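Report on the structure
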Amino acid sequence: MKRSKRKELQNRLRAISAPEHDKHALTRLLRAAGVLFGIFVAGTVGYYFLCDQQYDLLTCAYMTLITLTSIGFGETIPIAGHPDRVVFTIILVILGLGVMLYFVSQLTAFVVDGDLRDMIFLRKMKRHIDQINNHFIVAGLGSTGYHVIKEMLRSERPCILIEQDMDIVIQFNQQVSDEFGTEIPYVVGDATDDDTLIEAGIDRAVGIVFALGNDRDNLFATLSARGLNDRIRIITRGENPSSEEKFKRAGATSVIFTDALSGLRMATEVMRPEVTGFLDLMMRDHGEIRRVEELDIPPDSPLIGRTIREANLRRHTDALIVATHDRITDDYTWNPGPDQKLDKNTKLILLVLVKDIPKIEALLRGRK
C-alpha cells in the first residue's frame, strides 16, 4: 500500500475509533451556539420591552443581529437619548462579541481539525453497520481473534470487530486492506458493555466470538450477549477447563480452550503427521480455499423428498457431502449413501470450495 493511501486509512480509522473526541468537539460547538442563541433571544426581547413594544419582534431581532455582528447598517431602533437602551446595548456588545468570537473559533476548529469529516465518516460507518444482517461479531483482537477474523474473511462471511485499542485495529486493518482489499467495520468499546454489543448489531447477528483477555471478561460478556439475543450462537475462549460449566450456564454455546486445542494438534502432528498434512493440504487446493461448510435445505426447496443421487450437486460443483444432520433428532449420518432422502430438517455438511458455496445455495433454492 502506498504511503498516502496508508495515511488516509489511518485517518479514517482514527475517525471511527475516537468517538469521544468528536463528541466533545461537537459538544463545545453546540454549547457555544446555544449561548449565542440565548444572547440573541435576550437581546431581541430586551429591545422589545425597553422600547415599550413600539417595534415588532422582527425589528428588534434585526437590531440585535447587527449589534452582535457589528455590521453597522444603521440603527433601526434609536439609541441616543435613551440611557437604558445605551447600557443594554453596551452589555449586549460585550457579551455577544465574546461569545460570537468563541463560536467562530470553535466552528473553525471543528472544520479545520477534521472533526466534521471524522463525524461524517463515523456516522457513515454506523449506518453501514446498521445495514449488516446475519453477520458474525468478534470481540477482542488478540492472538485468537486475529485468526478468527482472517478465517471469516477467507470464507467471505460478514463480520464486525469489537476492540478497545485503536492502534491495534489500525495495524490490523492495514494488513487486511493489503491482503484482502477490504476493511473490517468495527466498534471501539468494551465488549462486556451492553451498549457496545448493541452498536455492533448483536440483535441481528447469528454468532459472536469472545476472545477477550481472561475468563472473567469472557464470562461477563457471554452473560450480556445471551441477555440481548437468546438465539445467537456464542463461542467463547476459555483458559481454565474447570470453568466450562460456568460458561454454559452463562449462555455460551461452546467453549474453546485454546491451550488444550493446541496441545491436541501438536500431539496429532507428532503421532499422525501424514493425516494432519493431508488435512492441511485439503484446505487449500492450488490456491483455492476449501472449507467444511454446513448448509440448510430451505423449506421450499425443490430438492425436498429427493435423494442425494437425484440432487446431483456434483454435476455443478465438486462438493463432497461428508455428513447430514437432522435438526429434529440431532442425529448425524456420516458419509450418507446416494439413496438417502433430503427433507426440510436436513442440514448438509460438505467439503466445498468457498467460491462454490453461493452456487450450491442457489441449487438448494431451485435456482441455477
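Further up the page is the structure itself.
The residue count restarts for each chain, going from 1 along the sequence in the order it is written. Restriction of local features to residues with pLDDT of at least 70 applies here, the model being predicted, together with a cutoff of 80 or more for giving and counting side-chain atom pairs; totals for whole chains, interfaces and linings are based on all residues. The basis for the side-chain values is all heavy atoms of the structure; hydrogens and waters are excluded.

What links the strands of a sheet is backbone hydrogen bonding, and the strands pair in either a parallel or an antiparallel sense. Strands pair, by our definition, only if DSSP identifies at least two bridges between them. Counting from the N terminus, the helices are the DSSP runs of H or I reaching at least four residues and the strands are the DSSP runs of E reaching at least two. With respect to topology, six strands assemble into an open sheet ordered β3-β2-β1-β4-β5-β6, the strand pairing being parallel. Only two strands of the sheet have a single neighbouring strand rather than two, namely β3 (186–188) and β6 (254–257). Averaged over all neighbouring strand pairs, the angle between strand axes comes to 15°, with direction disregarded. For this analysis, residues touch if any pair of their heavy atoms sits within 4.5 Å. For helices, the fitted line uses only the C-alpha atoms of the stretch in contact; every axis is such a line through C-alpha atoms, and the angle between N-to-C directions lies from 0 to 180 degrees. Together, β4 (207–210) and β5 (233–238) form the strand contacts of helix α9 (residues 215–228), whose direction differs from that of β5 by roughly 170°.

Side chains of Asp190, Asp193, Asp194, Asp195 and Glu199 sit close together on the surface and give a patch of like negative charge. Within the secondary structure layout, Asp193 lies in the loop between β3 and α8 (194–199). Patches draw on residues past 30% relative accessible area with no salt bridge. Two like charges within 9 Å are joined, as are two nonpolar side chains (Val, Leu, Ile, Met, Phe, Trp, Tyr) within 5 Å. Where accessible areas are quoted, they stem from the Shrake-Rupley method and a 1.4 Å probe; at the residue level, only the protein chains shown are allowed to cover. Salt bridges are counted wherever a side-chain nitrogen of Lys or Arg sits within 4 Å of a carboxyl oxygen of Asp or Glu. When charges are counted, Lys and Arg are positive and Asp and Glu negative, with His and the chain ends excluded. The atoms used to mark charge sites are NZ of Lys, CZ of Arg, CG of Asp and CD of Glu.

Within a regular strand, side chains alternate between the sheet's two faces. Between buried and exposed lies partly exposed: a residue is buried under 20% and exposed over 50% of the maximum accessible area for its type, with that area taken using a 1.4 Å probe on protein chains only. Buried residues dominate β5, accounting for five of its six residues. When β4 meets β5, the two strands line up parallel, connected through four bridges. Note that in β5 the partner of Gly207 across the bridge is Arg233. Crossover handedness is defined here as right-handed if the route from the first strand over the helix to the second strand goes clockwise, with the strands pointing away from the viewer. Between β4 and its parallel partner β5, the chain crosses via α9, and the hand of that crossover is right-handed. Sheet topology note: the β5/β6 ladder contains four bridges and is parallel. Across the sheet, residue Arg237 finds its bridge partner in β6, namely Ile256. A crossover links β5 with its parallel partner β6, the connecting element being helix α10 (residues 244–250), and its sense is right-handed.

Turning to the packing of aromatic side chains, a few remarks are in order. Two rings from Phe, Tyr or Trp (for Trp, the six-membered ring) form a pair when their centres are within 6.5 Å of each other. A pair whose planes differ by under 30 degrees is stacked, one over 60 is edge-to-face, and the rest are tilted. Considering all chains together, one arrives at four aromatic pairs under this definition. Centroid distance Tyr48 to Phe49: 5.3 Å. Interplanar angle 85°. Geometry classified as edge-to-face. Ring geometry for Tyr146 against Phe172: centres 5.4 Å apart, planes inclined by 70°, an arrangement best described as edge-to-face. Separated by 26 residues along the polypeptide, Tyr146 in helix α6 (residues 143–154) and Phe172 in helix α7 (residues 166–180) bring together distant segments of the chain.

One non-glycine residue, Gln53, lies in the positive phi region at around 60°. In this structure, Gln53 sits in the loop between α2 (19–50) and α3 (57–69). Residue classification places Gln53 among the partly exposed residues on the basis of a relative accessible area of 45%. The phi dihedral of Asp330 falls on the positive side, at around 60°, and the residue is not glycine. Following the sequence through the fold, Asp330 ends up in the loop between β9 (320–326) and β10 (332–334).

All right, on to α7 then. By this rule the span expected of a helix is its residue count minus one, scaled by 1.5 Å. Between its first and last C-alpha atoms α7 spans 20 Å; for 15 residues at 1.5 Å apiece the expected length is 21 Å, and the two agree. Those residues of α7 that sit buried are Val169, Ile170, Phe172, Asn173, Gln174, Val176 and Ser177. Looking one or two residues beyond α7, the residue adopting positive phi is Gly181, at roughly 70°.

Turning to the packing of α6 against α7, a few remarks are in order. Interaxial distance between α6 and α7 falls to 12 Å at its minimum, and their mutual angle equals 25°. Between α6 and α7, the interaxial angle falls into the category roughly parallel. As α6 runs across α7, the sense of the crossing is right-handed. Taken together, the residues of α7 that come into contact with α6 (itself represented by Tyr146, Ile149, Lys150, Leu153 and Arg154) are Phe172, Gln175, Val176, Glu179 and Phe180. Of the residues assigned to the contact of α6 with α7, the class counts are six nonpolar, one polar and three charged. An angle below 35 degrees is read as roughly parallel, one above 145 as roughly antiparallel, one from 65 to 115 as roughly perpendicular, and any other as oblique. Less than a right angle of anticlockwise turn of the near helix away from the far helix marks a crossing as left-handed, whereas a clockwise turn marks it as right-handed. For this classification, Asp, Glu, Lys and Arg are treated as charged, while Ala, Val, Leu, Ile, Met, Phe, Trp, Tyr, Cys and Pro are nonpolar and the rest, including Gly, are polar.

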